[in-house]
Amino acid sequence: MPITTRWHKIDGMDALDIEGAGIGWTLLPSLGAKVISLRSELLGQELLWRTPGRCFRRQSLDADFESADLSGWDECFPSIGPGLYPEYPWRGALLADHGELWTAAWECQVSPEQVSLVTHGVRFPYRFEKMLEPAGLGIWRLRYILTNLTDHALRYVWASHPLFAARPGMRILLPDPGRLSVAFSEQGDLGPFLMEHAWPHTTSARGEPIDLSTVPAAPRADKLFTSRGVVDWCALHDPATGMYVGFAFDPALVTHMGIWRNSGAWPPTGPAFHVALEPGRGKPDWLETAVLSGDACILSPRERQEWTVLLCVGRSHTFAGLTREGTIIERDEPRS
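Now for a quick tour of the structure.

### Digging into the sheet that holds strand S22 (residues 243–249)
Moving on, step 1. Judged by pairing direction, the sheet is antiparallel, and its 8 strands sit side by side in the order S9-S10-S11-S12-S26-S22-S21-S15 without closing on themselves. The sheet terminates laterally at strand S9 (107–110) and strand S15 (171–173), the two strands that pair on one side only. Averaged over neighbouring strand pairs, the angle between their axes works out to 15 degrees when direction is ignored.
Moving on, step 2. Judged from the 6 bridges that link them, strand S10 (residues 115–120) and strand S11 (residues 126–136) form a sheet pairing that is antiparallel. Counted as the bridge partner of Val115 is Leu132 from S11.

### Focus: the nonpolar core
Moving on, step 1. Membership of the largest hydrophobic core comes to 88 residues, with the highest contact counts inside it found for Trp25 and Phe128.
Moving on, step 2. Not counting residues within four places of it along the chain, the set of residues in contact with Phe128 comprises Phe77, Leu101, Trp106, Leu117, Val118, Thr119, Tyr144, Ile145, Leu146, Trp158 and Trp307.
Moving on, step 3. Counting 10 residues, the second-largest nonpolar core is a separate cluster that includes Ala248, Cys312, Phe319 and Leu322.

### Looking at the pattern of salt bridges
Moving on, step 1. Counted under the stated rule, the structure contains 25 salt bridges.
Moving on, step 2. Note that Asp189 and Arg220 form a salt bridge whose closest N and O atoms lie 2.3 Å from each other. Residue Asp189 is located in the loop between strand S16 (179–185) and strand S17 (196–198), and its partner Arg220 is located in the loop between strand S19 (209–211) and strand S20 (221–225); the two are separated by 31 residues in the primary sequence. Each member of the pair, Asp189 as well as Arg220, carries the same accessibility label: buried.
Moving on, step 3. The partner of Asp222 in a salt bridge is Arg261, and the shortest N-O contact between them spans 2.9 Å. One end of the pair, Asp222, is in strand S20; the other, Arg261, is in strand S23 (residues 256–263), with 39 residues separating them in the sequence.
Moving on, step 4. A relative accessible area of 1% means that Asp222 is categorised as buried.
Moving on, step 5. Ionic contacts of the salt-bridge type, sharing partners, join the residues Asp189, Arg206, Glu208, Arg220, Asp222 and Arg261 into one network.

### Examining the layout of surface pockets
Moving on, step 1. Each pocket or cavity is described by its volume, and for the largest pocket that value is around 380 Å³.
Moving on, step 2. Classifying every residue of the lining of the largest pocket gives 8 nonpolar, 4 polar and 6 charged.
Moving on, step 3. Its volume calculated, the second largest pocket comes out at about 160 Å³.
Moving on, step 4. Taken together, 14 residues line the second largest pocket, and the ones lying closest to its centre are Leu42, Leu137, Gly138, Val313 and Gly314.
Moving on, step 5. When residues in the lining of the second largest pocket are grouped by element, the largest group, 4 residues, is from strand S26 (residues 304–315).
Moving on, step 6. Residues of the lining of the second largest pocket, tallied by class, amount to 7 nonpolar, 5 polar and 2 charged.

### Comments concerning the packing of aromatic side chains
Moving on, step 1. One pass over the full model with this rule turns up 22 aromatic pairs.
Moving on, step 2. Ring centres 5.0 Å apart and planes at 75 degrees place the aromatic pair Phe65 and Trp102 in the edge-to-face group. Placement of Phe65 in the loop between strand S5 (45–46) and strand S6 (73–76) and of Trp102 in the loop between strand S8 (94–95) and S9 is noted, with a sequence separation of 37 residues between them. The same class applies to Phe65 and to Trp102, which are both buried.
Moving on, step 3. Here Tyr85 and Phe124 contribute two aromatic rings whose centre-to-centre distance is 5.3 Å and whose plane-to-plane angle is 45 degrees, an arrangement assigned as tilted. Placement of the pair is Tyr85 in the loop between strand S7 (83–84) and S8 and Phe124 in the loop between S10 and S11, with a sequence separation of 39 residues.

### Section: the environment of Pro279
Moving on, step 1. Along the chain, the position of Pro279 falls in strand S24 (residues 273–281).
Moving on, step 2. The spatial distance from the C-alpha of Pro279 to the C-alpha of Ala248 is 8.9 Å, given a sequence separation of 31 residues.
Moving on, step 3. The contact partners of Pro279, leaving out residues within four places of it in the chain, are Trp158, Ala159, Ser160, Phe247, Phe249, Val254, His256, Met257 and Val309.

### Observations concerning the pairing of S22
Moving on, step 1. Where burial is concerned, most of S22 is hidden: 7 out of the 7 residues are buried.
Moving on, step 2. By the alternation rule, side chains of S22 split into Met243, Val245, Phe247 and Phe249 and Tyr244, Gly246 and Ala248, which are all buried.
Moving on, step 3. Inspection of the sheet shows strand S21 (residues 233–237) paired to S22 by 5 bridges, in the antiparallel sense. Bridge pairing links Ala235 to Gly246 in S22.
Moving on, step 4. Between S21 and S22, which pair antiparallel and follow one another directly, the connecting turn spans 5 residues, one of which, Gly242, has a positive phi of 85 degrees.
Moving on, step 5. Where S22 meets S26, 7 bridges bridge the pair, whose relative direction is antiparallel.

Conventions adopted
Residues numbered from 1 in each chain as written. Predicted model: local features only at pLDDT ≥ 70, side-chain atom pairs only at ≥ 80, totals over all residues. Heavy atoms only, no water. Pairing = 2+ DSSP bridges. Helix = DSSP H or I, 4+ residues; strand = E, 2+ residues; numbered from the N terminus. Axes fitted to C-alpha atoms, helices over the stretch in contact; angles between N-to-C directions. Core = buried A, V, L, I, M, F, W, Y, C linked by side-chain atoms within 4.5 Å. Buried < 20%, exposed > 50% of the residue type's maximum accessible area, 1.4 Å probe, protein only. Contact = heavy atoms within 4.5 Å. Salt bridge = Lys/Arg side-chain N within 4 Å of Asp/Glu carboxyl O. 1 Å grid on protein atoms, 1.4 Å probe; cavity = no way out; pocket = protein on both sides within 12 Å on 5 of 7 lines; lining within 4 Å. Points joined across faces, edges and corners; volume = space filled by probe spheres on them. Nonpolar A, V, L, I, M, F, W, Y, C, P; charged D, E, K, R; others polar. Phe/Tyr/Trp six-rings, centres within 6.5 Å; stacked < 30°, edge-to-face > 60°.

As structure tokens, then:
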């Protein structure tokens, strides 16, 4: 399936527009290959959140993510939260906030069927590749390749980090995950770090009922993680319009799903309203904790690892889920 591309400038940086399979992308290769726009031709709408009043600008390796544009879609690796690398031979090396990839410059190559992006580690010796390929109407395949360039094993967590524009009443859908663990909860509303909750209905630390699958109108900010290998898709659905955007993947390779709901509670400098669906490898956000809990990934010496995620966008008022091939599952409507 062919694609069309166009180069232009945004905030002084080279920007690449990509069109194909009913979806339009705009990305900035020199700013972490950040996707700053994701557009659906079918829906006629922008899917990603853009923080008002913040421009796109190049960031230093140890930049605070909160001080940047807080928009669009980044990749996080080898950690999501900041910290220190826990093991030899890089013990004590700084782990940047949201990882090294979102501030890195990426090389970009374009063909009629694919956009290929690649970058290399700064404090850790690896090669990280990402390929974007149309895979059907409303479906794009994201192929990732990670290569260890040394003779030492590298521990890591990875997460894709798209901030989807949201509004109250939208639904976060996923197959039954059992229980989810808390990575962050504004003012401790969901209890302490790693506390577990049933999905989707649970209670707050004050004993109030909460529907975790619905984007609330009241200010809230929560980050939760599934357990290893229990889901193979996740989606954001708007019952009012039928819009859905989601991901499908092999849970043996994309092992965890992070869910970030933010309805105007974060950041304090200028609240945003978005939902991040974060397919990932390893949990939680902090590599040190992931290593201690046994949920970090290991890249063996000179090893090459590959995994794939399907981005799926469309409209269905009866949307109920996704297959691993990216086709939708629709719920049965009652007969009148």
